[in-house]
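# Residue-level structure breakdown
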Amino acid sequence: MATRVRVLCRWLAPCLWLMLCNSSIAAPELEKIIDGDTVLIQAQGSHYRLRLLDIDAPELHQAFGKQSRRSLSQLCAGAKITVNTQGQDQYGRQLGHLYCDGTEASQFQVAQGMAWFNARYSTRTSLQALQQQAQQQGLGLWQSSEAMPPWQWRKLYGQHYRHQD
C-alpha cells in the first residue's frame, strides 16, 4: 500500500505543479502596455505585471522601443484578452502568453519585427522562423542593420536608465 501511495504522489505532485503554474486568468483586463513585452493586467481585484514568454522586445529608451510598445498596444486595443500564466520571473512578474482577440502577442510581435525570439529561454522554433521572415522582409527593427538585441543593450546601458512603469 505504501508503495502505491509513493507512486501516486510521484505522479500527482508534478501534475498539481503544472496546474498551478499553467493557469488561465479569469476575466483579465489589460490595464497598461508597459513596453513591447510587458503589460499590466487587472483580474479579480488584483493587478500584476505579465512578461510575455518567448520574446525580448527593445527597451523603451532603445531604438524601436516605443514602436514595439505601440505595436502591442494596437494589437490589444479594445480586444478580448486571454492570459495563460506559467510561473514568475526573478522580478516577481508573471510569465505567460497574452492573446488579444485570439492572436498570440509574442508571435505577433516577432512577426512584425517588434521583438526578438528569445532563444535563450524558448525552444519555439516557429518563432525563430517568423523572426527570419521579418528580417528578410526588413520589418520593424530589422529596417536597421545595426539593430541591437535588448539583452546586449541592457548589458551596455542598463545602469544608465530606469525601467518605466
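Structural notes, computed from the coordinates.

Calculation criteria
- Residues numbered from 1 in each chain as written.
- Predicted model: local features only at pLDDT ≥ 70, side-chain atom pairs only at ≥ 80, totals over all residues.
- Heavy atoms only, no water.
- Helix = DSSP H or I, 4+ residues; strand = E, 2+ residues; numbered from the N terminus.
- Buried < 20%, exposed > 50% of the residue type's maximum accessible area, 1.4 Å probe, protein only.
- Salt bridge = Lys/Arg side-chain N within 4 Å of Asp/Glu carboxyl O.
- Pairing = 2+ DSSP bridges.
- Core = buried A, V, L, I, M, F, W, Y, C linked by side-chain atoms within 4.5 Å.
- Phe/Tyr/Trp six-rings, centres within 6.5 Å; stacked < 30°, edge-to-face > 60°.

### Here's the deal with unusual backbone geometry
Despite not being glycine, Asp54 shows a phi value in the positive range, around 80°. Mapped onto the elements of the fold, Asp54 is located in the loop between β4 (46-52) and β5 (55-56). The class for Asp54 is buried, based on a relative accessible area of 13%.

### Notes on the environment of Trp153
If you trace the backbone, Trp153 turns up in helix α5 (residues 150-157). Taking C-alpha positions, Trp153 is 7.5 Å from Gln62, a pair spaced 91 residues apart along the chain.

### Observations concerning the pattern of salt bridges
Using the criterion set out here, one finds seven salt bridges in the structure. For Arg51, the salt bridge goes to Asp56, with nearest N and O atoms at 3.4 Å. Here Asp56 ties to Arg154 by a salt bridge, and the two come within 2.6 Å at their closest N and O atoms. Of this pair, Asp56 sits in strand β5 while Arg154 sits in helix α5, and the two are 98 residues apart along the sequence. Among the residues examined, Asp56 registers a relative accessible area of 3% and is labelled buried. Its relative accessible area of 26% is what places Arg154 among the partly exposed residues. Residues joined in a network through salt bridges with shared partners are Asp37, Arg51, Asp56, Glu59 and Arg154.

### Considering the pairing of strand β6 (residues 81-88)
Pairing geometry for β6 and strand β7 (residues 94-100), over six bridges, is antiparallel. When the sheet's bridge partners are listed, Val83 is paired in β7 with Leu98.

### Quick word on the nonpolar core
Of all hydrophobic cores here, the largest spans 24 residues; its most connected members are Leu50, Leu72, Val83 and Leu98. Secondary-structure elements contributing two or more residues to this core are β3 (38-43), β4, α2 (65-76), β6, β7, α3 (105-111) and α4 (125-137). Membership of the second largest hydrophobic core comes to five residues, among which are Phe64, Ala134, Leu141 and Trp142.

### As for the packing of aromatic side chains
In this structure the tally under the stated criterion is three aromatic pairs. On the numbers, 6.3 Å between centres and 75° between planes, the contact of Trp116 with Trp151 is edge-to-face. Taken together, the positions of Trp116 in strand β9 (residues 116-117) and Trp151 in helix α5 put the pair 35 residues apart, joining distant regions of the chain. Taking the relative accessible area as the measure of exposure, Trp116 reaches 5% and is therefore buried. Note on Trp151: relative accessible area 36%, which makes it partly exposed. Pairing Trp153 with Tyr157 gives two aromatic rings, centres 5.5 Å apart and planes at 50°, and the pair type is tilted. Of this pair, Trp153 and Tyr157 both sit in helix α5, four residues apart, which is roughly one turn of the helix.

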